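A structural walkthrough
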Amino acid sequence: MDWLRELARRLSMLMHRRQFDADLEEEVRLHLELRQEERLESGMTANEARAAARRRFGNATYLKEESRIAWGWEWFENLAQDVHHGARMLRKSPGFTAVAILTLALGIGANTAIFSVINGVLLSPLPYKNPKQLVVIKENDSLPNVMDIQRQTRAFSQGGGINVEKMDYIGATEPVQVRVGLIDEGFLETLGVQPMLGRIISSGEDVQGGPRLAMVSNHFWQNYLGSDPHAAGNTIQLGGNSYTVIGVMPASFALPAEHADVFVSLMVRDPGAGAERDLHFMHTYWRLKAGVTLAQAQADMAAIDRRLAEQYPAEEKERKSQLVPLHEWLVGDVRAALLVLFGAVGLVLLIACANFASLLMMRAVAERQELVIRAALGAGRGRLVRKTLTQSLLLSVFGGAAGLLFAKWGTSLLLALRPEELARLSGIHMDTRVLLFVLVISVLTGIVFGMAPAWIAARSDVAEALKKSGRSTTASTMGHNIRKILVTSELAVALVLLVGAGLLIKGFSRLRSMNPGFNSANVMTMYLQLPTTRYGEIPKQTQFRRELLTRLNSLPGVQVAMVTDIPLGGNYVGHRFVIDGRSPVAVGGEPKVQTLSVMGDYFHVMQIPLRVGRDFTPLDREEQPLVAVVNEEMVREFLPHENPIGVRIRWAGDTGPPQWMTVIGVVADVKHSGLNQPTDPAVYTPFSQSDEAWRRFMTLAIRARDAAPGLVEEVKKQIWSLDSQIPVSDVHAMDELIAVSLAQQRFNMLLLGLFAVLALILAAVGIYGAMAYAVNQRTHEIGIRTALGAQRRDVLRLVMRDGAKIVLFGIASGIAGALALTRLMASLLFEVKPTDPATFAGVAILLALVALAACYIPARRAMRVDPMVALRYE
Amino acid sequence: MHRDEIPPGTLYLLILRTLARSGEMHGYEIASSIQQISEDVLRVEEGSLYPALQRMLIKGWVTAKWGTTAGNRRARYYQLTAAGRKQLAVEMSQFDRVIGAITRVIEAV
């Protein structure tokens, strides 16, 4: 406690510094006077007495200083003095201050914005209990397999699976589709979520024929249940059945990857699921037992895979379950992009710092005279360095603060631009870690980049500087050389960024110009799902589909067709198949193709060109010979050496007599899973010939002559005139789906492009500043040259030659740097080599032009130097 | 006349002891008092007296308050605190121990 009281006394002294000084002053004066009187009494004259007293007393200033130092605030007073002085100097030159702060604010702001995204996405833990224990199995699995793994595992403490399906919910103002998570009992427990109201399903209820129970999301509870605190026990109508609500999830709960508003037991909803081992559609999450490593769990999983494969060779022969930590699985795709962006934005900061340092050096040279005088008057070197550093720290801290504002604005911009992959992790905000980041980089910037000018200040040779009274001392030439190096590196770094951005832009334009295989213009899509209760059998489904298409196609100016899954919609079903006449393949080892059912003039509506053979006709229907249309990739991969028309294929694993389908046509490839994804082999079949009653869903493709505003409502009206309880969802323009599929690439390109432009501007400002300063310094020399007969052209050449040398060096080292660095972004590039020569050349020319233009402005000023004025200069 | 320097480390002891004897004093009085009582042998340098007083203020051994001298002038008077008294005892026993030890060394045969 003593030290606390001592600290209080020290602080109180700090608060009352002025009083302290006055008191000490008075005390010393009294002492002197008393001593003087004593001497007078001993018979000295007044003058002698005063002199004796002073002599005895010694250096009063020294004494006062010692007394003050005793309180331990010397550093603080010096600092306060430096800050005060620094602030005054900065106020005196608002232009310099504004440019320096703005430069740093741009650099720090951009870094902070990107860092806050990285912080939210890569660094923050997932919002689940012990998130590090959570893993996913990359491959989807079936319910019986999930249950077997749960029984056999020695590595997992919990686990469960989910499949999100859209189901219609009756009870809102119009029939809506809600996303229903079909889960098993272990799923919610694995994520460790506690319901906000009520409870979650128990193992006794997750059984065949169990009660229909539902757990709802907070969002559903607020929107459809009126935030009723007694919602547990209510009944809701879901997919034609009544479910009893037993629990409400907390608002903070969100699924890691999927989105669902209601959770019901898969086993209860779909009693057959317990036996359908080969329907792998559940995405599964697992929790490692404490102390179990990922490798151990993977080994255990491999053993389970082997046992399942032996036990169920027909379905599980090729089983291979790969475990991935949940966090890694979630951020895997965006990590590379974010790290490249962070690297890029770090380079922007470097350029900003180089400009900052360059400004400070100019400043240090300008203030050299003052520093020299201070040094001559006895200011210590350390103190001078501290003073210069304080000034740069002051600037960098202000820059950091302003950068924080930029970052706040930049983050909201990022959030507006963010692609789907970032959207699912929405924890992007400023937290203490981000603030700490800003503080650290601001202070580091201030110290590291304030060092060079401070060093120049400390090195100033007092005597020499005073003699030369100003012009071109060693300090200033040295300063000039350092600035040249700084500007050269700025240009080099800017070139690296420009190359990165150029590569992304090129890749993106390649991607955009990719032919998706269909014409997206003027096509609207929407998703429908038929309820099981009324459309359980295929004939009922076919009748509805046919009737709907007839009605829609009678609307003026529209052509409508339907397909199970629309390209770029994110889904497709894959089936294994067998080709007639080929040597039999082991069961479970047959090749897989994308399987799409269509009705109406689908290829015509989507404008997917027919290559060989014929299109489906209305005659290819139930009771007629089974037909199929395949894509070119299918032919390339499986039928390369024969005429595909007439080849017979069937789905593998069919029971009963083989259902052979005859290939009647080949259509062009469609980029179904994304423009940057390879095309999969695909088989199209007529909806009316399907024997899969579970395919109750379809996506309408509506081509309108022009985008009629009321079209969507008109189509919905037609659907509901057929059946008022069919929910319609995912209404999108096909162009919009293409834009969404490009979002991540667009995001990368926009950001890196923005950084590159920032870098270009900063580098241009940097070289402009350096050249302008150099011209200013050489005004005298240029004046003499002009007076001696140099032409304006010669002066221009003189200045531009200096600038061009810097530009050339900068670009050369930038190209070397870019060659080394762009490899790191190879994964972000689409069909562009990281060393693409055209990009390198184009970018180098752009940078050279901009930099030379920046040199030209001061060079022109040099040309106009009036020799008379110049010679009188100073 | 020859004056001896105050042995290092005993300045606090001297100030504390002087204040303990006479209640409150200002800086000049403390210096004079030490000089008088030591019969002009010990002379306190002003250059060390005032910083020492500041350090003692920080430690909380003394407090200071403004008062008036006999000659009706404003002066800062220092006074011992409880902590100061305790410190005085500590310094005294330390001093005794050292002096005793030195004496024993010198007088040993």
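This one's a predicted model, so the numbers in the text were calculated from it and none came from an experiment. (Residues numbered from 1 in each chain as written. Chains lettered and ligands numbered in written order. Predicted model: local features only at pLDDT ≥ 70, side-chain atom pairs only at ≥ 80, totals over all residues.)

Observations concerning the overall build of chain A
In terms of regular secondary structure, chain A is built from 30 helices and 21 strands. For a compact globule of 874 residues, the expected C-alpha radius of gyration is about 29 Å, and chain A comes in at 39 Å, more than 25% above that figure. A sequence separation of at least 24 residues applies to 84% of the contacts in chain A between residues at least 6 apart. (Helix = DSSP H or I, 4+ residues; strand = E, 2+ residues; numbered from the N terminus. Rg over C-alpha atoms; globule rule 2.2 N^0.38 Å. Contact = placed C-beta atoms within 7 Å.)

A word on the overall build of chain B
On a plain count of helices and strands, chain B comes out with 4 helices and 3 strands. Helices and strands appear in chain B in the N-to-C order α-β-α-α-β-β-α. Taken along the three principal axes of its C-alpha coordinates, chain B extends 55 × 35 × 20 Å. For chain B, the share of sequence-separated contacts (at least 6 apart) that also reach a separation of at least 24 residues comes to 51%.

Examining the nonpolar core
All names here are of chain A. Residues Val348, Leu495, Leu497, Ala701 and Ala759 are the most contacted members of the largest nonpolar core, which totals 166 residues. The element best represented in this core is helix 13 (residues 326-366), accounting for 23 residues. Discounting chain neighbours no more than four positions away, the residues touching Val348 are Gly107, Ala110, Leu497, Phe755, Leu758 and Ala759. The next biggest cluster of nonpolar side chains, apart from the first, holds 54 residues, and it includes Val178, Val216, Phe220 and Trp286. (Core = buried A, V, L, I, M, F, W, Y, C linked by C-beta atoms within 7 Å. Buried ≥ 20, exposed ≤ 12 C-beta atoms within 10 Å, placed from the backbone.)

What about the domain arrangement of chain A?
We note that the domain assignment places domain 1 (2-72), domain 2 (131-330) and domain 3 (532-724) within chain A. Look at where the C-alpha atoms of domain 1 of chain A and domain 3 of chain A centre, and you get two points 101 Å apart. (Domains from an automatic or database assignment.)

Here's the deal with the pairing of strand 3 (residues 74-80) of chain B
One face of the sheet, then the other: side chains in a regular strand alternate in exactly this way. Residue and element names in this part refer to chain B. Across 3 bridges, the pairing between strand 1 (residues 24-26) and strand 3 is antiparallel. Residue pairing across strands places Glu24 opposite Gln79, the latter belonging to strand 3. Bridge analysis of strand 2 (residues 62-68) against strand 3 gives 7 bridges, and the strand direction is antiparallel. In the sheet register, Gly67 faces strand 3, and the bridge partner there is Ala75. Counting the residues between successive antiparallel strands, the hairpin from strand 2 to strand 3 contains 5 residues, one of them, Asn72, with a positive phi of roughly 60°. (Pairing = 2+ DSSP bridges.)

Some words on the interface of chain B and chain A
Counting residues at the interface gives 15 residues for chain B and 18 residues for chain A. For the side of chain B that touches chain A, the secondary structure elements donating two or more residues are helix 2 (27-37), helix 3 (46-59) and strand 3 of chain B. Take the side of chain B that touches chain A: its biggest share by element is 8 residues, from helix 3 of chain B.

Some thoughts on the environment of Tyr243 of chain A
Residue and element names in this part refer to chain A. If you trace the backbone, Tyr243 turns up in strand 7 (residues 241-248). Sequence separation of Tyr243 and Phe57 is 186 residues, and the distance between their C-alpha atoms is 98 Å. Those residues in contact with Tyr243, other than ones at most four positions away along the chain, are Arg212, Leu213, Ala214, Thr235, Ile236, Leu238 and Val264.

Re the sheet that holds strand 3 of chain B
Residues and elements named next belong to chain B. Taken in spatial order, the 3 strands of this open sheet run 1-3-2, and their pairing is antiparallel. Since the sheet does not close on itself, it has two edges, and those belong to strand 1 and strand 2, each with one partner. Along the sheet, successive strands turn relative to each other by an average axial angle of 35°, direction set aside. Where helix 1 (residues 11-22) meets the sheet, its contacts fall on strand 1, strand 2 and strand 3, and the angle it forms with strand 3 comes to roughly 95°. (Axes fitted to C-alpha atoms, helices over the stretch in contact; angles between N-to-C directions.)

Considering unusual backbone geometry
Residues and elements named next belong to chain A. The phi torsion at Asn130 lies on the positive side, around 35°, for a residue other than glycine. Along the chain, Asn130 falls in the loop between helix 6 (94-123) and strand 1 (134-141). Judged by the 12 C-beta atoms lying within 10 Å of it, Asn130 falls in the exposed class.

Describing the environment of Ser321 of chain A
Residues and elements named next belong to chain A. Position of Ser321 relative to the elements: it lies in the loop between helix 12 (313-316) and strand 10 (323-325). Residue Ser321 is classed as partly exposed on the basis of its 18 C-beta neighbours within 10 Å. Each C-alpha atom, one on Ser321 and one on Ile118, is 30 Å from the other, the two residues being 203 residues apart in sequence. Among residues more than four places away in sequence, those in contact with Ser321 are Ile137, Glu139, Met301 and Asp305.

Looking at helix 2 of chain B
Of the positions making up helix 2 of chain B, those classed as buried are Gly27, Tyr28, Ile30, Ala31 and Ile34 of chain B. Within helix 2 of chain B, the buried residues cover an arc of 165° as seen down the axis, which keeps them to one side. Along its buried surface, helix 2 of chain B packs onto helix 2 (17-41) of chain A together with helix 1, strand 1 and helix 3 of chain B. One or two positions beyond helix 2 of chain B, positive phi appears at Glu39 of chain B, with a value near 55°. (Arc of directions from axis to C-beta.)

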